[in-house]
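# Commentary on secondary and tertiary structure
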Amino acid sequence: MATDGVHDAVPHWNGVPEVIASGSAWQVGFAHGSQIPHRIRVCIENYKRLFEETAEADWPESRARAETYLAALKQNEPDLVEEMQGIAAGAGEGVDFLDILALNLRSEISLTNYSDGCTSLVTQNASNSEVFVAQNWDWVQEAGTSTAFFDIRKTDKPRIRMFGEAGIVAKFGFNDRGVGICMNAIRCGTVAKDMLPVHLAMRRVLECHSFDEAMAMLTRKGLASCVNLVIADKTGKIATVECTPRGLAPIYPDEGEWTTFHTNHLWSPEIPGGIRDHPSKNSFSRLERMKLLCKRQRPDADQIRRWLSDEEGTPVSICRSTPPKAVGIERMETLATIIIDLRKLTAEVSLGRPSLSPPVRTLSLD
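Quick caveat, the model's predicted, so the values are computed rather than measured. (Residues numbered from 1 in each chain as written. Predicted model: local features only at pLDDT ≥ 70, side-chain atom pairs only at ≥ 80, totals over all residues. Heavy atoms only, no water.)

Let us look at unusual backbone geometry. Trans is the common state for peptide bonds, and a negative phi is the common state for residues other than glycine. In this chain, threonine 314 is followed by proline 315 through a cis amide linkage whose omega measures 15°. The residue proline 315 is located in the loop between α11 (301–308) and β13 (333–341) in this model. A positive phi is found at serine 129, a non-glycine position, where the angle reads about 70°. With respect to the element layout, serine 129 can be found in the loop between β3 (119–125) and β4 (130–139). (Helix = DSSP H or I, 4+ residues; strand = E, 2+ residues; numbered from the N terminus.)

As a further point, take helix α10 (residues 281–294). Two residues of an α-helix separated by three or four positions point the same way, owing to the 3.6 residues in each turn. With 14 residues, α10 should cover 20 Å at 1.5 Å per step; its first-to-last C-alpha distance of 21 Å lies within 8% of that length. Within α10, burial applies to Asn282, Ser283, Arg286, Leu287, Arg289, Met290, Leu293 and Cys294. End-on view of α10: buried residues confined to an arc of 165°, all on one side of the axis. Residues of α10 that are exposed and angled more than 90 degrees away from the buried face: Lys281 and Leu292. The secondary structure elements touched by the buried residues of α10 are β3, β12 (259–262) and α11. (Expected span 1.5 Å × (residues − 1). Buried < 20%, exposed > 50% of the residue type's maximum accessible area, 1.4 Å probe, protein only. Arc of directions from axis to C-beta. Contact = heavy atoms within 4.5 Å.)

Here we come to helix α9 (residues 211–221). All of the buried residues along α9 are Phe211, Ala214, Met215, Met217 and Leu218. Looking straight down α9, one finds its buried side chains confined to an arc of 160°; they lie on one side. Seen from the open side of α9, the exposed residues pointing more than 90 degrees away from its buried face are Thr219 and Arg220. As for α9, its buried residues are in contact with β8 (179–185), α8 (198–206), β9 (227–233), β10 (238–244) and β11 (247–251). Where α9 terminates, the next one or two residues include glycine 222, which has phi positive at roughly 75°.

Before going further, it helps to spend a moment on the sheet that holds β9. In space, the nine strands of this open sheet follow the order β1-β2-β5-β6-β7-β8-β9-β10-β11, with mixed pairing throughout. Unpaired on one side and paired on the other, β1 (12–13) and β11 mark the two borders of the sheet. Bridge count for strand β7 (residues 172–175) against β8 is two bridges, and the pairing is antiparallel. Bridge pairing in β8 places phenylalanine 174 opposite glycine 180. Strand contacts of α9: β8, β9, β10 and β11, with the helix running at about 150° to β9, the strand carrying the most contacts. (Pairing = 2+ DSSP bridges. Axes fitted to C-alpha atoms, helices over the stretch in contact; angles between N-to-C directions.)

A separate point is the side chain of glutamate 18. Here glutamate 18 is to be found in strand β2 (residues 16–23). With residues up to four places along the chain from it excluded, the contact list for glutamate 18 reads Val10, Pro11, Gln35, Phe149, Asp151, Arg161 and Arg361.

Inspection of the secondary structure assignment puts glutamate 130 in strand β4. Looking at glutamate 130, the relative accessible area reads 11%, which means it is buried. With residues near it in sequence (within four places) discarded, glutamate 130 still touches Thr123, Gln124, Asn125, Pro299, Asp300 and Arg343.

It is worth spelling out the pattern of salt bridges at this point. Oppositely charged side chains can form a pair if their charged atoms are brought close together. Overall, the coordinates contain 33 salt bridges when judged by the stated rule. One salt bridge connects arginine 203 with glutamate 207, and the closest N-O pair in it is separated by 3.2 Å. Note on accessibility: arginine 203 and glutamate 207 belong to one class, buried. Three or more residues are tied together by salt bridges with common partners; here these are Glu77, Asp79, Glu83, Lys154, Arg203, Arg204, Glu207 and Lys221. (Salt bridge = Lys/Arg side-chain N within 4 Å of Asp/Glu carboxyl O.)

See below:
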């Protein structure tokens, strides 16, 4: 897909554009597509390569796999289908709806075969009402060339601030009702094509008014593939939620603790039967390290950033570097750090490894 001659027409921060979209589902999608058409094309090129590496699927096959979910999506999530159609139309000639659908089903196409390396946490401090959702996003370096910030005001829905990938309807973010979300990929081959794909589920969470509403929605709709969603609201309700096509398994802080956390393997004792994941060994070491760092702590944003900068066990540490001579998907590194403060309704986003003290952008509702 040619990217020359196609340009994004919106402000940038450190090279990352910001989409500002409002109105109907179609209008939000069209604004998304027309404001960052170049980034969307770059994202498609990135996932062409990634799907071949992780799922042995070329782009026509990836589009065909995505299309097998479409009948259920048209029936159950028509507004999100309309929004993705708007993205394709806004992106212009050479991008069509199935390209955008394949991007939004990246987890169902790719991460059933391979998982990325993210480390996340969620914490609440009843003494001062602070609630944080945070993570390092670990993925292959080229994915950093197709990211964007989003400010979405869809008619009759909460306002959403996000950091995500071009062409994809949701990622890491929060809304004006005080609901926040991050995620960890889980490698598991179990899928259900009549349920809600991962990134569309994240968008639905960001359209909820509370933690309880989000959990009820996920329980009702179900997840098309396995993922861990880190969810909280400003009242202090928090969990890291292992989601599978056979049900949810939320993990809450242990008694006497204020934080729970996740990496890229299933560890709830309540995980539904018949679900088997295939994690990398470093998922276990990163989880144990974060568990140690968090123990009996009531962190603020600066402390969370220090935890996410931890390099014990490098290169496959919480703050991840590309291993020497790594090839294929093993090239992943920490691309961004996201720390969402649900009391203040802000999110700090930095690009690259947090251990290098990169610049921080604060997303807000101002």
